[in-house]
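Here is what each chain is made of, one letter per residue.
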Amino acid sequence: MINTEQDAATALRHPFYTDADGVIRLPGPDKHPNYARFAASGTGVVPVVRQVNGEPQPALLICRYADVREVLRRQDLFSRAAAAHADHVDVSGTMLALDDPEHGQVRGTIKDAFTKSAIGGLSATVQATAETHLAGLRGRSGAGDLVQDFAIPFTLDVVCDLLGLPAADRAQFRAWGDSFLGSGDLSREEANRSAAEMGGYLWGQLEARRGCPATDLLTRIANGTADQPMDVQIKLPISLVVGGWETTASAITTMVYLLQTRPYGEHPTGWEYLVAHPEKVDSAVTEMERLFSTSNGDEMPRRVMQDVELPSGAKLREGDIVIPSHDAANRDPEVFADPERMDFDRDPNPHLSFGYGPHYCIGAPLGALEVRTALALLLKELPGLRLAVGADEVRWKDGHTILGPAALPVTW
């Protein structure tokens, strides 16, 4: 058995790029070398400590692929609800904080809207939205910020259109969301205030839609969750709005940065390779998802509900807090040959960046459609796109749970 209390003195600070104030400060998109090291060594169960409400919280980071899948799929043995106290991001009242059967009940309200077939029906709409915002970017006379001028408004419009939120309110949602996703104790008060303001607004929207025909997702939520606590009703659309645009916008801009700054094969950059091989966009996105997930803090913690042995042979005790790491699992050499090499032909590529099991990211099909649509469009319409600043001059978001550039100046 691994003793988290005994190992607390030597435990690594987590997330790995967290400073002494508890703020995530990233040097760029590359994942910490600890991930590959831990995924390839022993059981891959590593004592860590993170700051939660100003107090150190010991935990065990789970790094081997088979172990991570086991933790993610077994809600009976690894409880999200029982680990709320160990989470440095407050997700109480959301699907992320629930176990079955409550999790399944809430998820069931919206799951039909996010199936592959349902999302496939949005393909033309997403394409048209991307083209509209690309036209806005191109109207900036050959230079712009890919974050502010394309990725954010594109992804925000997609998810807000799906929900049926008024266009006039979307800028305010972005301001609320930026604060809501902040990490570290320094931003907790502001995050709580933003969440309360967003929640009050959404409660008014839900109340106004009770009993109306379900022509949009927010109306479906209003009618389908009326028997749920107010907190659950409000935070379901919050999680969809915030997660639905921020993670996808960050994925788009991070991938453009990577393609612009990394060689691929015989090509000076991955961007030039995909301009020449547009049929590889889908597999290239999948590989970049594996190596450069948008999460800065791994999966959310779970509490071990009874003594258990993981597939690696590591033994956990009832009451242990575990943090499954998809970034480490995605580098497990038993699953991914030469795992640190970016290979657009990797097949199969069963990465865990969107989770696994009951908590698999419900918005993954929509996000996948948006990212692939955006990249394919940019490669086709702006093949000469390039960074307007040096790679080391790009600023990355500080204090954020989502990996991505704060701004990405480009020219073409």
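The coordinates are above.
Colleague: Could you clarify how one ought to interpret the sheet that holds strand β9 (residues 321-324) in this entry?
Modeller: Pairing is mixed across the open sheet formed by 6 strands, whose spatial order is β1-β2-β3-β9-β6-β4. At either margin of the open sheet sits one strand with a lone partner, and together these are β1 (12-13) and β4 (78-79). Of the pairings in the sheet, the one linking strand β6 (residues 302-304) to β9 comprises 2 bridges and is antiparallel in character. Bridging from a neighbouring strand, Arg303 pairs with Ile321 of β9. Helix-sheet contacts for helix α2 (residues 65-73) involve β3 (55-62), β4, β6 and β9, and the interaxial angle to β9 is about 115°.

Colleague: Could you clarify how one ought to interpret the sheet that holds strand β10 (residues 386-387) in this entry?
Modeller: Two strands in a sheet stick together by hydrogen bonds in their backbones, pointing the same way (parallel) or opposite ways (antiparallel). On the basis of which strands lie adjacent, the open sheet formed by 3 strands has the order β5-β11-β10 and antiparallel pairing. Only two strands of the sheet have a single partner each, and these edge strands are β5 (143-145) and β10. Along the sheet, helix α6 (residues 146-163) contacts β5 and β11 (409-411); its crossing angle with β5, the most-contacted strand, is approximately 60°.

Colleague: When you look at the packing of aromatic side chains in this model, what are you seeing that I'm missing?
Modeller: For any pair of aromatic rings, the description consists of the separation of the ring centres together with the inter-plane angle of the planes. Following the criterion strictly, the structure yields 10 aromatic pairs and no others. Between Tyr264 and Phe344 the ring centres are 4.1 Å apart and the planes differ by 15°, which places this aromatic pair in the stacked class. One end of the pair, Tyr264, is in the loop between α10 (230-261) and α11 (270-276); the other, Phe344, is in the loop between α13 (326-329) and α14 (364-381), and 80 residues separate them in sequence. By relative accessible area, Phe344 is classed as buried at 0%.

Colleague: Sorry if this is basic, but what is going on with empty space enclosed by the protein here?
Modeller: In this approach a probe as big as a water molecule rolls over the atoms, and the regions it shows empty are the leftover space. Scanning the entire structure with this criterion turns up 3 cavities of 30 Å³ or more. What lines the second largest cavity is a set of 15 residues, among which Tyr17, Leu26, Lys31, Tyr35 and Asn296 lie closest to the centre. Considered class by class, the residues forming the lining of the second largest cavity number 8 nonpolar, 4 polar and 3 charged.

Colleague: Please explain the nonpolar core as it appears in this structure.
Modeller: In summary, soluble globular proteins display a tendency toward joint burial of nonpolar side chains. Within the largest apolar cluster, 80 residues are counted, with the highest numbers of intra-cluster contacts made by Ile110, Phe114, Leu163, Leu217, Phe344 and Leu408. In terms of residue count, the dominant contributor to this core is α10 (16 residues). Those residues in contact with Phe344 that lie beyond four places of it in its chain are Leu259, Tyr264, Tyr273, Leu274, Ser283, Ala284, Glu287 and Met288. Core analysis: the second largest hydrophobic core is formed by 18 residues, Tyr65, Leu72, Val308 and Ala314 among them.

Colleague: I keep staring at the pattern of salt bridges and nothing clicks. Help me out?
Modeller: Side chains bearing opposite charge may pair, as long as their charged atoms lie close to each other. What the rule picks out here adds up to 26 salt bridges. Among the salt bridges present, the one from Glu381 reaches Arg138, with a minimum N-O distance of 3.3 Å. Pair noted here: Glu381 is in helix α14 and Arg138 is in helix α5 (residues 123-138), with a separation of 243 residues, a long-range link. The class of Arg138 is partly exposed, set by a relative accessible area of 39%. Each of the salt bridges in this network shares a partner with another, and the network as a whole consists of Glu70, Arg73, Arg74 and Asp76.

Colleague: It is not clear to me how the layout of surface pockets should be interpreted in this structure. Could you clarify?
Modeller: Here the largest pocket is characterised by a volume of approximately 290 Å³. Along the walls of the largest pocket sit 13 residues, with Lys116, Tyr360, Ala364, Pro365 and Ala368 positioned nearest its centre. With 5 residues, α14 is the single largest residue contributor to the lining of the largest pocket. Across the lining of the largest pocket, the residue classes tally to 7 nonpolar, 3 polar and 3 charged.

Colleague: I keep staring at the packing of α6 against α14 and nothing clicks. Help me out?
Modeller: Helix packing geometry: the angle between the two helix axes and the distance between the axes. At a closest axis distance of 12 Å, the pairing of α6 and α14 adopts a crossing angle of 140°. Our pair here, α6 against α14, has a crossing hand that is right-handed. Taken together, the residues of α14 that come into contact with α6 (itself represented by Leu146, Phe150, Phe154, Thr155, Val158 and Leu162) are Leu366, Glu370, Ala374 and Leu378.

Colleague: I keep staring at the pairing of β9 and nothing clicks. Help me out?
Modeller: If a strand is regular, its side chains alternate between the two faces of the sheet. Across the two faces of β9 the burial is the same, with Ile321 and Ile323 and Val322 and Pro324 all buried. Both β3 and β9 contribute to a ladder of 3 bridges, which runs parallel. Opposite Leu61, over in β9, you have Ile323 as the bridge partner.

Colleague: How do you make sense of the side chain of Gln228 when you look at a structure like this?
Modeller: Within the secondary structure layout, Gln228 lies in the loop between α9 (217-224) and α10. With residues near it in sequence (within four places) discarded, Gln228 still touches Gln105, Val106 and Gln233.

Colleague: Help me out: how do you make sense of α2 in this one?
Modeller: Each full turn of the α-helix corresponds to 3.6 residues, which orients residues three or four apart in the same direction. Burial in α2 covers these residues: Tyr65, Asp67, Val68, Glu70, Val71 and Leu72. On its buried face, α2 is in contact with β3, β4, β6, β9 and α13.

Colleague: Help me out: how do you make sense of the packing of helix α12 (residues 281-291) against α14 in this one?
Modeller: Taken N-terminus to C-terminus, the directions of α12 and α14 make an angle of 120°; their axes are 10 Å apart at the nearest point. By the angle class used here, α12 and α14 are oblique. Here the hand of the crossing between α12 and α14 comes out right-handed. For the pair α12 and α14, contact is made by Val281, Asp282, Val285, Thr286 and Glu289 and by Val371, Arg372, Leu375 and Leu379, respectively. Of the residues contributing to the contact of α12 with α14, the split by class is 5 nonpolar, 1 polar and 3 charged.

Colleague: Would you mind going over the environment of Gly244 with me for this structure?
Modeller: Mapped onto the fold, Gly244 is located in helix α10. Contact partners of Gly244, with chain neighbours within four places excluded, come to Thr155, Val159, Ser239 and Glu370.

Colleague: I'm lost on the pairing of strand β2 (residues 45-52) in this one. Help?
Modeller: Of all the 8 residues making up β2, 7 are buried; the element is thus mostly covered by neighbouring parts of the structure. One ladder, built from 2 bridges, connects β1 with β2; its direction is parallel. Its bridge partner lying in β2, Leu12 is registered against Val48. In this region the chain leaves β1, passes through helix α1 (residues 33-39) and returns to the parallel neighbour β2; the handedness of that crossover is right-handed. Alignment of β2 against β3, held across 8 bridges, turns out to be antiparallel. Looking at β3, one finds that Pro47 is bridged to Leu60.

Calculation rules
Residues numbered from 1 in each chain as written. Predicted model: local features only at pLDDT ≥ 70, side-chain atom pairs only at ≥ 80, totals over all residues. Heavy atoms only, no water. Pairing = 2+ DSSP bridges. Helix = DSSP H or I, 4+ residues; strand = E, 2+ residues; numbered from the N terminus. Contact = heavy atoms within 4.5 Å. Axes fitted to C-alpha atoms, helices over the stretch in contact; angles between N-to-C directions. Phe/Tyr/Trp six-rings, centres within 6.5 Å; stacked < 30°, edge-to-face > 60°. Buried < 20%, exposed > 50% of the residue type's maximum accessible area, 1.4 Å probe, protein only. 1 Å grid on protein atoms, 1.4 Å probe; cavity = no way out; pocket = protein on both sides within 12 Å on 5 of 7 lines; lining within 4 Å. Points joined across faces, edges and corners; volume = space filled by probe spheres on them. Nonpolar A, V, L, I, M, F, W, Y, C, P; charged D, E, K, R; others polar. Core = buried A, V, L, I, M, F, W, Y, C linked by side-chain atoms within 4.5 Å. Salt bridge = Lys/Arg side-chain N within 4 Å of Asp/Glu carboxyl O. Left-handed = near helix turned anticlockwise from the far one by under 90°. Parallel < 35°, antiparallel > 145°, perpendicular 65-115°, else oblique. Right-handed = clockwise from strand over helix to strand, strands pointing away.

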